[in-house]
Amino acid sequence: MEDRPVPGAVVKHIDNNQRKYIDELTEFLKIPSISTLPAYNEETRNAAKWALGRAERLGFRGCLYETPGHPIVYAEMCPHKDAPTLLVYGHYDVQPPDPIDQWRTPPFSPEIR
């Protein structure tokens, strides 16, 4: 694939909205979605709802699919039926933060260094 520079309009948009994007990411990172600990099941569900809500605000249509464990977030946007499909896969859940004594700052308290 050929390397291409990022279009100026894209760079300008990112620069103009950087604070908003950082604030949204920080909000998401504060959710203790520890999927392996039952005490965090509600928080893990909250993270799924957050991810779905963010996708919907961007214009995607989506839903949560229930599973025996935690819900799957699915969202799609198909503005051009003849265009190629892009699939994005990710996790909204995290591992337990132990050992706590090795953290510089408390888990789920994001900071920029």
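We now turn to the structure provided with this report. (Residues numbered from 1 in each chain as written. Predicted model: local features only at pLDDT ≥ 70, side-chain atom pairs only at ≥ 80, totals over all residues. Heavy atoms only, no water.)

## A few points about helix α2 (residues 41-57)
Here is step 1: The end-to-end C-alpha separation of α2 is 24 Å, in line with the 24 Å expected for 17 residues at 1.5 Å each.
Here is step 2: Those residues of α2 that fall on the buried side of the exposure criterion are Thr44, Ala47, Ala48, Trp50, Leu52, Gly53, Arg54 and Ala55.
Here is step 3: The inward-facing, buried residues of α2 abut α1 (8-29), β1 (61-65) and β2 (72-76).
Here is step 4: Gly59, located one to two residues past α2, shows a positive phi value of around 105°. (Helix = DSSP H or I, 4+ residues; strand = E, 2+ residues; numbered from the N terminus. Expected span 1.5 Å × (residues − 1). Buried < 20%, exposed > 50% of the residue type's maximum accessible area, 1.4 Å probe, protein only. Contact = heavy atoms within 4.5 Å.)

## With respect to unusual backbone geometry
Here is step 1: The step from Asp98 to Pro99 runs through a cis peptide bond, and the omega angle for that step is 5°.
Here is step 2: The residue Pro99 is located in the segment after β2 in this model.
Here is step 3: Even without a glycine there, the phi angle at Phe108 is positive, about 65°.
Here is step 4: Along the chain, the position of Phe108 falls in the segment after β2.
Here is step 5: By relative accessible area, Phe108 is classed as partly exposed at 23%.

## A closer look at the pattern of salt bridges
Here is step 1: By the definition in use, this model includes five salt bridges.
Here is step 2: The salt bridge involving Glu66 is made with Arg45; its shortest N-O contact spans 2.7 Å. Taken together, the residues Glu66 in the loop between β1 and β2 and Arg45 in helix α2 connect sequence positions 21 residues apart.
Here is step 3: With a relative accessible area of 27%, Arg45 lands in the partly exposed category.
Here is step 4: One salt bridge connects Glu111 with Arg113, and the closest N-O pair in it is separated by 3.2 Å.
Here is step 5: Among the residues examined, Glu111 registers a relative accessible area of 47% and is labelled partly exposed.
Here is step 6: Its relative accessible area of 61% is what places Arg113 among the exposed residues. (Salt bridge = Lys/Arg side-chain N within 4 Å of Asp/Glu carboxyl O.)

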